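Structure assessment
Here is what each chain is made of, one letter per residue.
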Amino acid sequence: MLRPYIIPLSMTTSFPSSMTTSYARRLGLFSGTMAVVGGIIGGGIFRTPATVAERLGTPGLVLLAWVIGGVVALIGAFCFGELGQRRPRAGGGYVYLRETFGPLPAFLYGWTLVLVIATGAIAAVAVTFADYTLALTGLPHRLSVPLAVAAIVLLSGVNYMGVRPAAITQNVFTLLKLVALALLIGAGLLLAAPSPPSHLAAPSPPPHLAALGPALVPILVTYGGWQQTNFIAEEIVEPETNLPGALVFGVVIVVTVYLLTNLAYLRVLGIDGLGASTAPAADTMRIVLGPIGGKLIAAGIAISTFGFLNLVILVTPRVLQAMAADGVFFRRLALLHPTYQTPTAAIVALAACAVALTLSGTFGQLVDYVTFGDWIFFGSTVACLYVYRTRDPGPSSGFRVPGYPVTPALFILAAAYVVFSAITSNPKNAAIGAGLIALGIPAYLYWRGRH
């Protein structure tokens with residue numbers, strides 16, 4: 001009878017054994033790129049541009065801010081591309097932190113990700129998907145939580161059945177969300193009458209430059225998500241080559257789409273209208289296409305959130321799997337299903353936690369608490385490059401970050417700025433978040449003692 005087995009992720013020499021490769025390498029460059037795009041485009045681009053426009057007040061600065069955010073995201077993709085090329089293993093940032101800064105920082109990253117960040121994101125995005133779906137179908141809002149739970153269970157089942165069906169689902173919904181954004185961009189740039197020239201040609205007065213920094217925070221958060229593809233590095237065909245390519249291609253696609261989307265918003269709504277809008281995508285489509293436009297973009301948002309939900313459920317269990325294989329979490333979560341070759345116990349555990357948060361209604365507040373912690377780990381993970389380069393300074397034919405060591409330092413500074421802004425804007429939430437992260441220390445000591 002077939003038996004599940006444990007992947008020895010704690011090994012740091014060469015590529016893992018045949019036990020790993022027997023289930024790995026099922027996603028090609030296209031699927032990897034779609035995972036990157038799907039991991040970035042969620043619901044942020046449908047609401048963040050209004051916040052940015054309100055803070056900056058001029059079209060030139062709005063577009064400049066999105067370009068700067070895109071450059072930071074591209075640098076992050078370069079850095080994670082080299083990290084993935086060096087260590088193409090399930091677990092992504094958890095593995096890099098463990099091998100460079102030690103098991104405790106790695107555990108705290110996995111602890112924060114699984115305890116709040118990923119599970120909270122799943123709950124929040126599932127509820128958003130349910131709200132838009134119910135609005136489209138005309139069903140009562142009281143069905144929002146049941147529908148959100150059903151979406152989590154359904155997609156967890158798809159991912160339980162294997163990487164291939166999960167990847168197909170991801171590809172389909174990523175393409176659909178790109179189609180929805182293409183309709184928005186086409187309607188805004190090709191069908192709509194331009195907003196008054198006085199808005200678009202307005203100069204950028206110096207006082208607005210001070211707002212550029214705060215406006216970058218929601219932009220960087222909206223660009224986040226590309227790093228999730230590294231969690232499934234072992235399940236990508238020739239990850240040493242295809243993972244860096246997928247990261248770079250995926251981020252370039254998203255930066256292009258985001259800039260065109262902002263141009264469409266500005267053309268239709270103008271800077272004042274965009275800054276005052278609570279739903280810029282819906283307002284843009286209603287102005288151009290009427291009520292049917294609002295329905296189309298609502299469907300696009302539902303599709304976008306559903307695809308994002310699938311990606312988080314696809315990649316996050318690999319962090320649980322890596323932690324369990326290291327003996328610092330429930331050992332059973334490291335097991336692969338004998339038929340589907342997926343970490344099914346980890347998938348079920350993640351789904352159960354996400355459903356619990358959805359039913360409790362506390363996910364939004366919990367995510368707010370630890371968002372700054374997410375960027376602490378972003379910066380720390382990129383800093384792993386310096387350790388790897390010091391240990392292995394020799395030339396290599398593999399992927400390397402252009403502009404090293406300056407470019408990783410720029411990303412680390414951007415991450416530090418996001419953390420600083422989160423702490424200064426809401427010290428209470430930051431303190432609570434730090435406490436939640438610190439709870440991982442006794443948990444780590446407990447699991448280490450057991451191991």
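Above this note sits the structure.
Rules and cut-offs
Residues numbered from 1 in each chain as written. Predicted model: local features only at pLDDT ≥ 70, side-chain atom pairs only at ≥ 80, totals over all residues. Heavy atoms only, no water. Helix = DSSP H or I, 4+ residues; strand = E, 2+ residues; numbered from the N terminus. Expected span 1.5 Å × (residues − 1). Buried < 20%, exposed > 50% of the residue type's maximum accessible area, 1.4 Å probe, protein only. Arc of directions from axis to C-beta. Contact = heavy atoms within 4.5 Å. Salt bridge = Lys/Arg side-chain N within 4 Å of Asp/Glu carboxyl O. Patch = residues over 30% accessible without salt bridge, like charges linked within 9 Å, V, L, I, M, F, W, Y side chains within 5 Å. Areas by Shrake-Rupley, 256 points an atom, 1.4 Å probe, with all protein chains shown as cover.

1. What to know about helix H18 (residues 427-438)
Over its 12 residues, H18 runs 16 Å from end to end, which matches the ideal 16 Å to within 8%, given 1.5 Å per residue. Those residues of H18 that fall on the buried side of the exposure criterion are Asn429, Ala430, Gly433, Leu436 and Ile437. For H18, the angular spread of buried residues about the axis comes to 120°, placing them on one side. For H18, exposure combined with an orientation more than 90 degrees from the buried face picks out Pro427 and Lys428. Elements that come into contact with the buried residues of H18 comprise helix H6 (103-137), helix H16 (363-391), helix H17 (406-425) and helix H19 (440-450).

2. Description of the pattern of salt bridges
One pass over the structure, following the stated rule, counts 10 salt bridges. For arginine 389, the salt bridge is made with glutamate 82, and the minimal N-O distance between the two is 2.8 Å. Taken together, the residues arginine 389 in helix H16 and glutamate 82 in helix H4 (residues 59-86) connect sequence positions 307 residues apart. Glutamate 82 matches arginine 389 in its accessibility class, with the two residues each being buried. Between arginine 87 and glutamate 99 there is a salt bridge, with the nearest N and O atoms lying 2.5 Å from each other. Here glutamate 99 lies in helix H5 (residues 93-100) and arginine 87 lies in the loop between H4 and H5, a separation of 12 residues in the sequence.

3. Section: a nonpolar patch on the surface
Residues Leu190, Leu191, Leu289, Ile292 and Leu296 make up a contiguous nonpolar surface patch of about 520 Å² in total accessible area. Those elements that provide at least two residues to the nonpolar patch are helix H8 (163-191) and helix H13 (291-315).

4. Points about the environment of valine 248
Checked against the element boundaries, valine 248 lands in helix H11 (residues 239-276). What makes valine 248 buried here is its relative accessible area of 15%. The spacing of valine 248 and alanine 73 is 175 residues in sequence and 9.4 Å in space, taken between C-alpha atoms. Setting aside chain neighbours within four positions, we find valine 248 in contact with Leu74, Ala77, Phe78 and Phe399.

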